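# Architecture at a glance
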Amino acid sequence: MTPLPTSHLTPVPTPAPAPLLSVDDLVVQYRRPGAEPTRAVAGVSLEVRAGEVVGLVGESGCGKSTLARAVCGLTAPKEGTIAFEGAPVGPLGVRRRDPGLTRVQMVFQDPYGSLNPRRRIGAQIADGIRAAAARGDAADGATPGDLLTRVGLSADDAARYPQEFSGGQRQRIAIARALAARPRLLVGDEPISALDASAQSQVATLMRLLAVESGAGLLFISHDLSVVRLIADRIAVMYLGRIVETGPTAEVWANPRHPYTRALLAAIPQPDGAGLLPAELPGDVPDPAAPPSGCRFHPRCPVAFDGCDREDPQLVAGGVACRLYAA
Amino acid sequence: SGGTSAPGSAGGKTLVVDTSFNLKTADPGREFEPTGSIVDKALYETLLTFKGGDVTKPLPGLASSYEESPDSKVLTLHLRAGAKFSDGSAVTADDVVFSLTRVIGLKGNPSFLLDGVTVAKKDASTVTLTSEKANPALPNILPNPALGILNAKAVRAQGGTATAADAAEKYLNKSSAGSGPYTLTSFNANTQVVLAKNPKYNGAQKPTYDKIVLRNVQAPTQKLNVQRGDSQIALDLNSDQTAGIAGGLKVLSGPSSDVIFLLLNLDPGVSDATADAKFREAVRKGIDYKSLLTLGGSGSVQPGGVIPSTFVGALPPGQAPARDLAGAKAALAASKIKNPSVKLSYASDLTLDGLSFQSMAERVQAQLKEVGVKVTLAPAPTTTELDNYRNGKEQVGLWYWGPDYPDPSDYLAFLPGGLVGLRAGSKAGADPALTALGEQAATTTDAAGRQKLYEEIQTDLNDDGAFIPLMQPSRHIVAASSVTGLAYNPVWTIDVAELGAK
Amino acid sequence: MGNVLEITGLTVDLPAEGGPRRILHGVDLALRPGRIHGLAGESGSGKTMTGLAVLGLLPSGARTTGRVRLDGTDLLTLPPRRLGELRGRAISMVFQDPSTSLHPMLSVGHQLTDHLRHHLELDKKAARARAADLLGQVRIPNPQEALGSYPHQFSGGMRQRIAIAIALACEPKVLIADEPTTALDVTVQAGVLRLLRGLCDDLGLAVLLVTHDLGVMSAIADEVSVMRYGRVVETGPRGRVLTAPSHDYTRTLLDALPGRST
Amino acid sequence: MSLSSVPSKGKGGRRLLARHPLARFLLRRTATAVLLAFGVTLVTFILTNLVPGDPAAAALGQRAVGDPAIVAQFRHHYGLDKPLPLQYVTYLGNLFQGDLGESQQSHQSVLTDLSTAVPATLELAGAAIVVSLVVGVAFGVVAALRRDRFTDQLLRVVSLLGVSVPTFWLALLAFYVFFYRLGIAPGSGRIAPDLTAPPHVTGLYTVDAALAGQWQVFWSAAGHLVLPALVLTAYTVGLLTRFTRSAVLEVLGQDYVRAARAKGLPGRTVLFQYVLRAALVPVITVAGLAFGALLSGTVLVESIFAWPGLGAYAYRSATTLDLPAVMGVGLVVGIVYLTVNLAVDVLYGVIDPRVRVQ
Amino acid sequence: MRRLPRAWRRPLAVVGGVLAGLWLVIVLAAPVLAPHDPLAQDLPRLAGPGPGHWFGTDELGRDVLSRVLYGARVSIPLALLLVSLSLLIGGVLGACAGFFGRWVDETVMRIADLVFAFPTVILAMVVAAALGASLQNAVLAVLVVAWPSYARVTRGLVMGLRSREFVLSGRLLGFSAWRSLRVDVLPNVLGPLLVLATLDIGTATLLLSGLSFLGLGAKPPTAEWGAMVASGTQQFDKWWIGVFPGLAILTVVLAFNFLGDALRDALDPGTARTLGAEKERVA
Ligand SMILES: Nc1ncnc2c1ncn2[C@@H]1O[C@H](COP(=O)(O)OP(=O)(O)OP(=O)(O)O)[C@@H](O)[C@H]1O
Ligand SMILES: Nc1ncnc2c1ncn2[C@@H]1O[C@H](COP(=O)(O)OP(=O)(O)OP(=O)(O)O)[C@@H](O)[C@H]1O
Ligand SMILES: [Mg+2]
Ligand SMILES: [Mg+2]
């Protein structure tokens, strides 16, 4: 495979007026037999604009996948709205998806589970092309082979089965399939976390490149902050079903404001050979079924003060949900 | 292992009898199954009885003597003095009246035995049985174990009445209330029945065995059990199964009184073919009776007519139908039926004396094929098929008739309008001459006259009737050589009280 | 100080269709007390196999040559019984995923005490007391209660600490940690790394830390070895290997890091 | 009692039920059981009434069946003269009072019939499942530990033979060889005929005899149990061997087993405490299913060994359209199935703490 | 030439394949192979094995060998038919239950539970008794008890697949539920189902012959193995009547079990996963 350039980041386009995706006060619950439901996403608002890459980071179990699935209509929201290009995203039923919604595509985490092992990859990519055609988009003449070359594979691979590829290659195929549908919004749910370190940044950069190239928005979910930093224009930090901070990547990186974001950044060990131990954040992510009262982060917060256990801070215009920054 | 104390030897005095159960109850008023008869024969005494296997002559039982009125309508019986129930009380005329009226009143399986009979007490030791019509068969009917005499007091105390409201069955399935040679120890209609010697029994012949165990065992297993000494008597082995038996065992064989017959429906609505007399003739001549007998094995016989060879009124074997293949084909050609095809119905799960109806049907099918008759086999479970049979819906049926009592009058059921006749589409009045013969036979009392009348009836039936008697299968009883006094009785199979030990 | 564990010329052949396949082609490593030796390398380079070979836990049918000397005793030629006596006692191992390396149906107390009792011949009470101590050391709150709990009742980070407690129960000299933080969140990872570092410093433990995360390596390893295709291609002090690698392969590894495109 | 106290009591009870997971579990189980029993009776009722045959024909003699008065009396006695829905409702009504009706064949209450037939079958199936579990699990473990060696192959052949051999045929061969030819097995039935059955407590002869201290009866009952039980185990041993093998193999590949070995625990400890515990979970499920298979197997085996069990009873009832008896059999079998399932679930809880907590 | 897949190189798989092949040949060529008419009653009755009748003769003087050979034409095609039908019915119902969930799932699974609550033979017995004894009804009876296991397995597999990423991807690309079921789900459950079906051919053969053994199956004079064993039970010491048909059942069932077992090993998801991971490393 050809190594892809990792440095030529397309410049951030000026934000378009209408957001491509707008999530408003979204709540998603999982019912559990004989117990209180789990609020995996507990009131999230988020926007993704065309051509923009939004990185969503957070620890395991904080609700990132749930949010991603809700955005694609795979999970029905309990409260709140999800609008894609101004139209609401309805949950997926028995009938086929609203053709307009095939403009939203997703790349999943597990490279082994995201391709049908019984079908040739060419046929699976062709499904994507057909989805675009079914929507009434004019054909752009792309064939599965073309798409495969775009993700760095050979056009001949179309006749092969998924088992014949490595994890990184499979993830590229999954991206090709998603792109074949010519999406306006691409959602990647930890698309690189199952890959080798060497493949991770390649695939991530490829995703950014292809999404931005086609003018689509990209919602990129990861718990690997260094990768997110590399490709995201904007970053959203999630904690226990809530977004606690959001802002342009460079800004958040340089000047994290929420105590959780700070802890998160400080915990990343740097491969600089300096031998510095990363900072530790005590405690674990609490069970989303029984979130702490008040600010959800307060039991672990190093700077919590009186009232944090009662008052639930909202995301303010500055992009941070913390009482330290309350007006 | 199994026979720890060598049961049956003089020490243990236990007799194990294996039979495949056909048993519903131990209550004589309701019992009419072969296994039930074995049990009740041992528990209850009847007014009259038979000895050994001879069913031609009724002998004294609880009644020491009897007189029949000249018109055969009134039977007077004198009770034996000194007979006692197992609780020590004496057997009285009241007990007899209660027991017999109860059989009638229960409307159970054996009720028909005393159809049209009223029972009355004449004095403390005499009863009279009065029939509506002449009933010369009654002395032959009375030995039936279903007509065993119960301890009226004990039974009444347990809810016994002479009506359908009777509630004594449960009690009679737990303990016996009779004067027979044995008492009931335990009863399970599905598994086994255990009897113990009745110390109060005062009949002429005292039983030998202290304990009788009747077990529900399938025929093939019966064979192994009796061969290994696990049991002393096996009742249901067929000829093939008895064939190899030797070494310390004895085999008692003889024709049973069950007659297997083929029914050809006379009703054109059921089958055009069988309603055609020529076709029936073709079938009658087409069957290879000798070859069928090989299935029944040694000891099986072909009866002359529907009445079994061991009964008064039987037709000599020489007059039985025989195979005549050419004749059969000729008859078939003479019939109006072209390419005849009939359905042979039978109960697939039915075996008689170890002979499976399955095999019989298969062989009949093969034989008639040679004549040019296509027979389709239509087996069904007995329950289902019995319904078809009863309703006269079978084209060709393979069934048997086991005598309810050892008297030829039992076979009048085969006449037009009779119980069996109707099943073959032979309606009342279809053959007035034959019907008249039947009525005459039923009321005739002198032996020679009866014999002649019944022979005539059977010849008539054999000519072009609906029934083709095929065979009386052989009945085999296999017993340990230590068991003496073994006899097969068509009414109750074996009388365990008659058995002795060597 | 001398080496407590010395691996020289270790080769491993695994049975495969069409004859044995060589997985390790002569690995040389040396661990010293109180130091953490990082082992990096891409997936499939044989890092895990090296660790397993030391403990004699290779899949059945595996053949080894070379030497693995623990305080002078060659582990590879040791009869199984003697090796069993050393395992968990003098040398122990922590695995990658704490949710699969703890038995889901046995209580934490049971898993912590059974080898304590076996190796140290402690009675039940003493073993439990020591187990509670250990849980305290790895900072599990409420150690007494935790002994009666089951793994699923703990979070991932706590489970990994329990796994470390189990590994350290009999005070071994050498700990082999196979990617002990890969399955954990970064904030939790930091805690586990600090714990490891502390234990190593306090107890004089020699640690072989397998990881492919060069950040982790940089944070706590004293020496670093890089493996490729079943061989150690470079060994040296952490600072030098991560800043001035001498082997091309190490350089490619470093280049693949996000944001490090030179 | 004041009326106002009633609702509060009810509410309290409900709260307790809602809170206590075990109570809720049992409640749900019982509800399922009742529903299932209802379903079983309904299905049996409908099926049995679909039969073209007439129970009167099956139960009455050839003469009696010709007498309309007797047939009418029979139908009246068994309630067959009522419309079908009413018959069913009546049956359910009686059922709630523990009355299963009277068998048309044995003239006894079905409950009485079942009280001898069910223990007979349970004794047989119980003995068989115990043997199967012991042998099957042992075989499975050995096969897994000796994977792909000769022993494994041998056990594979043995277990596949076990699941392939027709039970009824094996019963036939076994009875012929061991009883008839060699004479080392006792004959048919549950005990030697000259012995009296032990006093009825559980209905299991071995247990009852032991309780009563009748050791001769005990040994006879145990001896009679051996051959049919062994015949029955052929299938289940095969089944359990295959399942245990793959379960153990799966567990052997788990990290926690490797971790246990890394702790230096002796092989025995690893096998019995770490491997078997986890491997037993799937095995228990299969054992539950195997018990069902055993019940089926008994139907075929009982006739050959003249074992007076449920199979023989079911066969006779089904073929004679003995409705109350067939429904009784259906119910009992349903109950056994539910009990086995419940036992399996409880065992899960015992073995796996994760289940316990939920 | 491509190498045989691993499963087929196992000796047992070969034995199973050869046995099954032999029986299939017998099914096709029974009229050529059988020395006698299986229904002809022209040989001496109950003759032991010997020249002219190598498996002996039965109580009607029919050649047991010929009947055993012809019996293959009854049992094997019926077992295949039965398994295909239960696969079809159980597969469709199970797939619907697993894919659509909710009340469809509840309904199908409760019915399956109900059937599961009966021991197979007893339920089959009631069905056969209700409909009359015949091979068709026996097949129907076995069908009634056999489909739920397919439904359960299919449901489980489908439920597992339903949330798999590639199925979701398909839905996101605008597949209707049906297309998704057909294209993404069913092809992936077929493998395990076929293994189950292969193993089940044996079970079906056993059940069918069991019913015939009880007299609830094949109509005479059809040469059916279970019924032949049953007639063998009537003659314990004429062992050949029952032993040979029993052996026939055993070998047929064994053949398919050997095959199914090998297939299962080959398709075992655990093994498959490892194989996949292996490939990944090498690539
Ligand atoms: N199908 C489900 N049913 C019930 N609870 C669920 C389900 N899926 C997820 N959850 C719970 O919802 C919460 C959020 O899960 P989610 O998968 O969205 O987290 P995540 O941020 O994607 O985590 P990860 O980084 O581990 O993928 C978790 O606590 C999880 O246990
Ligand atoms: N059980 C096994 N049987 C055969 N080969 C194996 C087995 N386990 C691992 N291998 C092979 O051994 C080689 C080394 O594997 P190892 O697990 O040591 O790699 P690793 O460096 O730990 O990789 P990772 O970073 O993915 O854990 C690989 O090529 C792998 O395919
Ligand atoms: Mg996720
Ligand atoms: Mg590894």
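None of these values were measured; they are calculated from a predicted model.

Residue and element names in this part refer to chain D. With respect to the helices and strands, Val 135 occurs in helix H6 (residues 110–145). For Val 135, a relative accessible area of 27% corresponds to the partly exposed category. For the pair Val 135 and Gly 39, spaced 96 residues apart in the sequence, the C-alpha separation amounts to 36 Å.

On to the site of ligand 2. Of all residues adjacent to ligand 2, which total 15 residues, the nearest are Ser43(C), Gly44(C), Lys47(C), Thr48(C) and Met49(C). Close to ligand 2, residues of chains C and E are found. One of the side-chain N or O atoms of Lys47(C) is found 2.8 Å from an oxygen atom in ligand 2. Alone, ligand 2 offers 630 Å² of accessible surface; in the complex the protein occludes 79% of this. Counting only elements with at least two residues in the shell around ligand 2, the list comes to strand E2 (21–31) and helix H1 (47–55) of chain C together with helix H11 (269–282) of chain E. Sort the elements by how many residues they give to the shell around ligand 2 and H1(C) lands first, with 3 residues. Counted by class, the shell around ligand 2 contains 4 nonpolar, 5 polar and 6 charged residues.

This part takes up the interface of chain B and chain D. Each partner contributes to the interface: chain B provides 50 residues, whereas chain D provides 49 residues. Approximately 4000 Å² of surface area, both sides summed, lies buried where chain B meets chain D, with 52% of it carried by carbon and sulfur atoms. Taken as a group, Lys24(B), Arg228(B) and Thr383(B) account for 16% of the area that chain B buries against chain D, more than any other trio of residues on that side. Along the contact surface separating chain B from chain D lie 0 salt bridges. Across the chain B-chain D interface, the total number found is 9 residue pairs in polar contact (both at pLDDT 80 or more). Considered class by class, the residues forming the side of chain B that touches chain D number 16 nonpolar, 20 polar and 14 charged.

Residue and element names in this part refer to chain C. Residues other than glycine seldom take positive phi values, yet Arg 139 does so here, at roughly 60°. One can find Arg 139 in the loop between helix H5 (124–137) and helix H6 (143–147). The exposure class assigned to Arg 139 is partly exposed, which follows from its relative accessible area of 43%. Positive phi is not limited to glycine here, since Asn 142 has a value of about 60°. Positionally, Asn 142 belongs in the loop between H5 and H6.

A few words on the site of ligand 1. All names here are of chain A. Neighbouring ligand 1 are the residues Tyr 30, Ala 40, Ser 60, Gly 61, Cys 62, Gly 63, Lys 64, Ser 65, Thr 66, Glu 190 and Pro 288. Within the backbone of Lys 64, one N or O atom sits 2.8 Å away from an oxygen atom of ligand 1. Measuring from an oxygen atom of ligand 1, one finds a side-chain N or O atom of Thr 66 at 2.3 Å. For ligand 1, whose unbound accessible area comes to 630 Å², protein coverage reaches 63%. Here the element with the most residues in the shell around ligand 1 is helix H1 (residues 64–71); it accounts for 3 residues.

Attention now moves to the packing of aromatic side chains. Residue and element names in this part refer to chain B. Enumeration according to the criterion identifies 28 aromatic pairs over all chains in this entry. Relative to Phe 467, the ring of Phe 261 has its centre 5.5 Å away and its plane inclined at 80°; by these criteria the two rings are edge-to-face. Highlighted residues: Phe 261 in strand E13 (residues 259–264) and Phe 467 in strand E19 (residues 467–471), separated in sequence by 206 residues. Phe 467 gets classed as buried once you look at its relative accessible area, which sits at 1%. Centre to centre, the rings of Tyr 389 and Trp 399 are 4.3 Å apart; their planes meet at 10°, and the pair counts as stacked. With Tyr 389 in helix H13 (residues 382–390) and Trp 399 in strand E18 (residues 396–401), this residue pair connects regions lying 10 residues apart in the sequence. For the pair formed by Tyr 389 and Trp 399, the shared burial category is buried.

Turning our attention to helix H15 (residues 432–443) of chain B. Residue and element names in this part refer to chain B. Helix length check: H15, at 12 residues, gives a terminal C-alpha distance of 17 Å against a target of 16 Å (1.5 Å per residue), a fit within 8%. Those residues of H15 not exposed but buried are Leu 434, Leu 437, Gly 438 and Ala 441. Each buried residue of H15 lies within a common arc of 100° when the element is viewed along its axis, so the set occupies one face. More than 90 degrees from the buried face of H15, the exposed residues found are Pro 432 and Glu 439. Close packing links the buried residues of H15 with helix H16 (447–464).

Before going further, it helps to examine the state of the cysteines. According to the stated counting rule, one finds 0 disulfides over all chains in the structure shown. Note on Cys62(A): no disulfide assigned, nearest cysteine sulfur contributed by Cys295(A) at a separation of 14 Å. Accessibility expressed as a relative area gives 1% for Cys62(A), which makes it buried. Cys170(C) forms no disulfide, and the closest cysteine sulfur to it belongs to Cys200(C), at a distance of 18 Å.

Moving on: the pairing of strand E1 (residues 5–14) of chain C. Residues and elements named next belong to chain C. Buried residues dominate E1, accounting for 7 of its 10 residues. Bridge count for E1 against E2 is 8 bridges, and the pairing is antiparallel. Bridge pairing links Leu 14 to Arg 21 in E2. Counting the residues between successive antiparallel strands, the hairpin from E1 to E2 contains 6 residues, one of them, Gly 18, with a positive phi of roughly 75°. Bridge count for E1 against strand E4 (residues 63–70) is 7 bridges, and the pairing is antiparallel. When the bridges of E4 are listed, Thr 11 appears paired with Thr 65.

A word on the sheet that holds strand E4 (residues 79–84) of chain A. Residue and element names in this part refer to chain A. Strand order in the open sheet made by the 4 strands is E2-E1-E4-E5, with antiparallel pairing throughout. Edge positions in the sheet fall to strand E2 (35–48) and strand E5 (87–88), since each of these pairs with one other strand and no more. Lying over the sheet, H1 contacts strand E1 (21–32), E2 and E4, oriented at roughly 115° with respect to E1.

Contacts between protein chains span 8 pairs of chains, and they are most numerous for chains B and D. Separating chain A from chain B is a minimum C-alpha gap of 48 Å, and the two share no contact. For the non-touching pair chain B and chain C, the nearest C-alpha separation works out to 46 Å.

Another aspect to go through is the side chain of Asp166(B). All names here are of chain B. If you trace the backbone, Asp 166 turns up in the loop between helix H4 (152–157) and helix H5 (169–172). With relative accessibility at 8%, the residue Asp 166 sits in the buried group. A distance of 2.9 Å separates polar atoms of two side chains, one belonging to Asp 166 and the other to Arg 102. At 3.0 Å, the side chain of Asp 166 forms a polar contact with the backbone nitrogen of Thr 161. Those residues in contact with Asp 166 that sit more than four places away from it in its chain are Asp 27, Arg 30, Arg 102, Leu 106, Gly 159, Gly 160 and Thr 161.

The next point concerns the confidence of the model for chain C. When pLDDT is averaged along chain C, the result is 89; 98% of the residues meet or exceed 70. Model confidence for the complex: the whole-complex pTM is 0.83, and ipTM, which rates the interface, is 0.81.

Turning next to the pairing of strand E9 (residues 223–228) of chain C. Every other side chain in a regular strand lies on the same face of the sheet, so the side chains alternate between the two faces. Residues and elements named next belong to chain C. Of all the 6 residues making up E9, 5 are buried; the element is thus mostly covered by neighbouring parts of the structure. Inspection of the sheet shows strand E3 (residues 36–41) paired to E9 by 5 bridges, in the parallel sense. What sits directly across from Leu 39, in E9, is Ser 225. The pairing of E9 with strand E10 (residues 231–237) spans 6 bridges and is classified as antiparallel. For Val 224, the partnering residue across the bridge sits in E10 and is Gly 236.

The rules behind these values
Residues numbered from 1 in each chain as written. Chains lettered and ligands numbered in written order. Predicted model: local features only at pLDDT ≥ 70, side-chain atom pairs only at ≥ 80, totals over all residues. Heavy atoms only, no water. Helix = DSSP H or I, 4+ residues; strand = E, 2+ residues; numbered from the N terminus. Buried < 20%, exposed > 50% of the residue type's maximum accessible area, 1.4 Å probe, protein only. Near = heavy atom within 4 Å. Polar contact = N/O pair within 3.5 Å; in protein donor to acceptor, adjacent residues only side chain to side chain. Areas by Shrake-Rupley, 256 points an atom, 1.4 Å probe, with all protein chains shown as cover. Nonpolar A, V, L, I, M, F, W, Y, C, P; charged D, E, K, R; others polar. Contact = heavy atoms within 4.5 Å. Buried area = accessible area lost by both parts, 1.4 Å probe. Salt bridge = Lys/Arg side-chain N within 4 Å of Asp/Glu carboxyl O. Phe/Tyr/Trp six-rings, centres within 6.5 Å; stacked < 30°, edge-to-face > 60°. Expected span 1.5 Å × (residues − 1). Arc of directions from axis to C-beta. Disulfide = S-S within 2.5 Å. Pairing = 2+ DSSP bridges. Axes fitted to C-alpha atoms, helices over the stretch in contact; angles between N-to-C directions. pLDDT = per-residue confidence, 0-100.

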